[in-house]
Amino acid sequence: SVVRFAPTFSQEDAIRLADELYALSGDVEQLPSERDQNFLIVGKSGKRYVLKIANAKEEFAMLDAQNKVMEHAARHEGLVPYTLESLNGNMIEKIEAANGREHFMRVLTYLDGTPMGNVKRHSPELMLDLGRKLGMLSDVLQDFDHPAFHRDFHWDLANGLDIIKTNLELIKDKELRELVISFKKNFEDTTLPLLEVLRKSVIYNDPNDYNILLGGGDD
């Protein structure tokens, strides 16, 4: 499992790395993460940053693609964070853990807000604004591309039919399996013939309740 290659840096390590590579100092708090490590840095001025140390299995190209996406989306200020340049002039730094593993590290700006999953009432106005923000992001990504996004990825919607065909028999519940089959057939009959003429672009494909912040800005 990739989780076995998660970084294990201490808060003291994070303080040292932030100072040495970014001249950032302040209070440091570790944030939740499964496969990576994230540290919140609160400077003396109150300004906050997130120091991110990637899993040892993470590829440079994918992190570079993430940085480029954020840079591209920066035309909508406050919609996504952005990556800081290190004292070495790099957007991604390579560091070594005590066990000899190498990891990539970045520092991102901090976005204020409350995770949507922690908000009990989702009003129609909130859902409308959420749809508008996701539409803005999709719109700004229409002309974006990066080689790292051209990959065989399990969660890529373009691979949906192949994933269903490969794993359909794993659905033991007959009623649920028949429902999936019906959706698959409907997609093949009505949508598949149109795919070749539809526009394709990079999208944000994981807008779940805990990947969305509410109330963090004026927009």
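## So, the overall build of the chain
Argument step 1. Counting its secondary structure elements, the chain contains five helices and seven strands.
Argument step 2. Order of helices (α) and strands (β) in the chain, N terminus to C terminus: α-β-β-β-α-β-β-β-α-α-α-β.
Argument step 3. Principal-axis analysis of the C-alpha atoms places the extent of the chain at approximately 60 × 45 × 35 Å.
Argument step 4. A total of 219 residues make up the chain; the buried ones form 31% of that total.
Argument step 5. Long-range contacts, defined as pairs at least 24 residues apart, comprise 64% of the intrachain contacts of the chain with a sequence gap of at least 6.

## So, the pairing of strand S3 (residues 48–53)
Argument step 1. Relative to S3, strand S2 (residues 37–42) runs antiparallel, the two being bridged by six bridges. Considered in S3, the bridge of Asn38 is made with Lys52.
Argument step 2. The turn joining S2 and S3, which pair antiparallel and follow one another in sequence, is formed by five residues; a positive phi near 95 degrees is taken by Gly46.
Argument step 3. Pairing between S3 and strand S5 (residues 102–109): five bridges, direction antiparallel. What sits directly across from Lys52, in S5, is Arg106.

## Considerations on the pattern of salt bridges
Argument step 1. Going through the model one piece at a time under the given rule, you end up with 11 salt bridges.
Argument step 2. Through salt bridges with shared partners, one network takes in Asp13, Arg16 and Glu20.

## With respect to helix H1 (residues 11–22)
Argument step 1. Between its first and last C-alpha, H1 extends 16 Å over 12 residues, near the 16 Å set by a 1.5 Å rise per residue.
Argument step 2. Those residues of H1 lying buried are Ala14, Leu17, Ala18, Leu21 and Tyr22. Projected onto a plane normal to the axis of H1, the buried residues spread over an arc of 100 degrees and lie on a single side.

## Side note on the environment of Ser1
Argument step 1. Looking at the element boundaries, Ser1 is found in the segment before H1.
Argument step 2. Judged by its relative accessible area of 62%, Ser1 is exposed.

## Some details on the packing of aromatic side chains
Both the distance between ring centres and the angle between the ring planes are used here to describe each pair of aromatic rings.
Argument step 1. Throughout the structure, instances matching the rule amount to two aromatic pairs.
Argument step 2. In this arrangement the basic side chain of Lys57 is found over the ring face of Phe5, its NZ or CZ atom lying 4.6 Å from the centre.

## A few points about the nonpolar core
Argument step 1. Judged by nonpolar contacts, the single largest core of 18 residues is most densely connected at Leu51, Ile53 and Met105.
Argument step 2. Every element with two or more residues in this core is listed here: H1, S2, S3 and S5.
Argument step 3. In terms of residue count, H1 provides more of this core than any other element does, five residues in total.
Argument step 4. In terms of nonpolar packing, the next biggest core, distinct from the first, is built from seven residues, Val69, Val140, Leu141 and Phe144 among them.

## Some remarks on unusual backbone geometry
Argument step 1. Although it is not a glycine, Ala23 adopts a positive phi angle of roughly 55 degrees.
Argument step 2. Turning to its location among the elements, Ala23 is positioned in the loop between H1 and strand S1 (27–31).

## Considering the packing of helix H4 (residues 160–167) against helix H5 (residues 174–190)
Argument step 1. Their axes nearest at 11 Å, the elements H4 and H5 cross at an angle of 145 degrees. In the crossing of H4 with H5, the sense of the turn from one axis to the other is left-handed. Contacts from Leu161, Ile164 and Lys165 in H4 reach Val180, Lys184, Phe187 and Glu188 in H5.
Argument step 2. For the contact of H4 with H5, the class distribution of residues is four nonpolar, no polar and three charged.

Definitions and limits used
- Residues numbered from 1 in each chain as written.
- Predicted model: local features only at pLDDT ≥ 70, side-chain atom pairs only at ≥ 80, totals over all residues.
- Heavy atoms only, no water.
- Helix = DSSP H or I, 4+ residues; strand = E, 2+ residues; numbered from the N terminus.
- Buried < 20%, exposed > 50% of the residue type's maximum accessible area, 1.4 Å probe, protein only.
- Contact = heavy atoms within 4.5 Å.
- Pairing = 2+ DSSP bridges.
- Salt bridge = Lys/Arg side-chain N within 4 Å of Asp/Glu carboxyl O.
- Expected span 1.5 Å × (residues − 1).
- Arc of directions from axis to C-beta.
- Phe/Tyr/Trp six-rings, centres within 6.5 Å; stacked < 30°, edge-to-face > 60°.
- Lys NZ or Arg CZ within 6 Å of the ring centre and 35° of its normal.
- Core = buried A, V, L, I, M, F, W, Y, C linked by side-chain atoms within 4.5 Å.
- Axes fitted to C-alpha atoms, helices over the stretch in contact; angles between N-to-C directions.
- Left-handed = near helix turned anticlockwise from the far one by under 90°.
- Nonpolar A, V, L, I, M, F, W, Y, C, P; charged D, E, K, R; others polar.

Shape is all these values report; function is a separate question.
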